[in-house]
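Coordinate inspection notes
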Number of protein chains: 2
Amino acid sequence: MPNNQFKRGELYSVINGMASTAVARRLQKNFRQAGLEITIEQWSVLYHLWKEDCLSQQELCNRTFRDKPSITRLIDNLEKQKLVKRTASKTDRRINLVCLTDAAKELQQLTIDLANQTMNEALVGVLREDIETVKKVFQQVFDNLI
Amino acid sequence: MPNNQFKRGELYSVINGMASTAVARRLQKNFRQAGLEITIEQWSVLYHLWKEDCLSQQELCNRTFRDKPSITRLIDNLEKQKLVKRTASKTDRRINLVCLTDAAKELQQLTIDLANQTMNEALVGVLREDIETVKKVFQQVFDNLI
DNA sequence: GGCATATAGTTAGTTATGCAACTAATTTCA
DNA sequence: TGAAATTAGTTGCATAACTAACTATATGCC
């Protein structure tokens, strides 16, 4: 097997999970140490709702890159924790608009601070221009596969 | 999916693992189209066993970056599919050595070819030097967090 | 209008992950 | 040597993922 293909296989194991898993675990740990009960998956839903409240579940699928059943259950759990509320759309009765509760709005600043702190911990010793390269490569990978 | 884009100036998409998720989904799809029943998580275990057979479960934890219960259950499922076999270590009775079956050995070439093909699909238009930068950054992130 | 098709969301089944608590075997060291 | 600590692996519980199949509503087209 040609040597460069083997290298790409090695990159697969790098891209596929280890670094982002490490970041995600650290963020979850930082949430827990701050006394927050939410999962990072739930947080990623809240994150998009903080940017724009009352999105449909389908729109949350698109923005969080999850499928519909995943969003259904994430919203179920967020509703149990009284962080969001499903509201029927007035113009399309198929659609649930997912809206933040006041309790969720109070989590925004703290959790985003913790996320930024986590990224700072992760990126110690990494050059700013290299971060831009990573973003660029990830965008290209994403565009290639979607 | 118009909103599945990384936003410039933020790395939350890295936390969400969007690029690695996209690669993993594509690899899973390519496995399925080739008639292979294994999951990418199972494949990642086999991958390390092809490099070195008969590793302990703990060693598989270290190499695949998973915790012990995850490996226990991945090995359970791989054993059900007759792709690996647990063997008691002769020198330490706490240890299970996980060894490949002949059926698993036959999967090596095809699945690694599919992984390389998937990486080639993912990396169209990506510069070789940028790949090296990604590897370097990921290694640094990993070292920072572990 | 009415039927075919597409879209929004839910449910069920299997696999995987994280954490905590557990058993069993080994090592440490007083 | 023997009790304490460590290590390897399993089990239980909760959350999350993907696929496929399902209901309900909306749209398109004749």
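Check the entry above for the structure.
Residues numbered from 1 in each chain as written. Chains lettered and ligands numbered in written order. Predicted model: local features only at pLDDT ≥ 70, side-chain atom pairs only at ≥ 80, totals over all residues. Heavy atoms only, no water.

So, the nonpolar core
The cut-off we apply is this: We call a set of buried Ala, Val, Leu, Ile, Met, Phe, Trp, Tyr and Cys residues a nonpolar core when their side-chain atoms join them within 4.5 Å. Burial status follows relative accessibility: with a 1.4 Å probe on protein chains alone, a residue under 20% of its type maximum counts as buried, one over 50% as exposed, and anything between as partly exposed. Pairs of residues are marked as contacts when any of their non-hydrogen atoms sit within 4.5 Å.
Counting residues in each nonpolar core, the largest one holds 31 residues, and the members touching the most others are A:V141, B:L123 and B:V141. Apart from the residues lying within four places of it in its own chain, the contact partners of A:V141 are B:A19, B:V23, B:A122 and B:L123.

As for the packing of aromatic side chains
Quick reminder of the rule: Two aromatic rings, drawn from Phe, Tyr or Trp (for Trp, its six-membered ring), form a pair once their centres lie within 6.5 Å of each other, and the interplanar angle then sorts them: stacked below 30 degrees, edge-to-face above 60, tilted otherwise. Working definition: helices are DSSP H or I runs of at least four residues, strands are E runs of at least two. Numbering for both runs from the N terminus. As a reminder, the over-ring test applies to NZ of lysine and CZ of arginine, requiring each to be within 6 Å of the ring centre and within 35 degrees of the ring normal.
On inspection of all chains with the given rule, the structure shows seven aromatic pairs over all chains. Geometrically, the ring pair formed by A:F31 and A:W43 is edge-to-face, given 6.0 Å between the ring centres and 65 degrees between the ring planes. Of the two residues, A:F31 sits in helix α1 (residues 3-33) while A:W43 sits in helix α2 (residues 40-51), which places them 12 residues apart along the sequence. Both residues of the pair, A:F31 and A:W43, count as buried. Each ring, one from A:F138 and one from B:F138, has its centre 5.6 Å from the other, and the planes form 70 degrees; the classification is edge-to-face. Placement of A:F138 in helix α6 (residues 128-145) and of B:F138 in helix α7 (residues 128-145) is noted, with the two residues assigned to different chains. Across the ring face of B:F65, the terminal group of A:R25 is positioned such that the distance to the ring centre comes to 4.1 Å.

Side note on the protein's contact with DNA strand C
Let me state the cut-off plainly: The criterion for a residue being near a molecule or strand is simple. One of its heavy atoms has to lie within 4 Å of it. Residues adjacent in sequence count toward polar contacts only when both atoms are side-chain atoms; beyond that, a polar contact is any pair of N or O atoms within 3.5 Å, and within protein one must be able to donate a hydrogen and the other to accept it. Residues are grouped as follows: Ala, Val, Leu, Ile, Met, Phe, Trp, Tyr, Cys and Pro are nonpolar; Asp, Glu, Lys and Arg are charged; all remaining types, including Gly, are polar.
Near DNA strand C, the surroundings consist of 27 residues, among which A:Q57, A:Q58, A:K68, B:T39 and B:R66 are the closest. Among atoms of DNA strand C positioned within 4 Å of the protein, sugar and phosphate together represent 64%. A:R73 is positioned such that a nitrogen or oxygen atom in its side chain is 2.8 Å from a base nitrogen of DNA strand C. Between B:Q42 and DNA strand C, the recorded distance is 3.3 Å, taken from a side-chain N or O atom to a phosphate oxygen. Contributions of two or more residues to the surface near DNA strand C are made by α1, α3 (57-64) and α4 (68-80) of chain A together with α3 (40-51) and α5 (68-80) of chain B. Of the residues contributing to the surface near DNA strand C, the split by class is four nonpolar, 10 polar and 13 charged.

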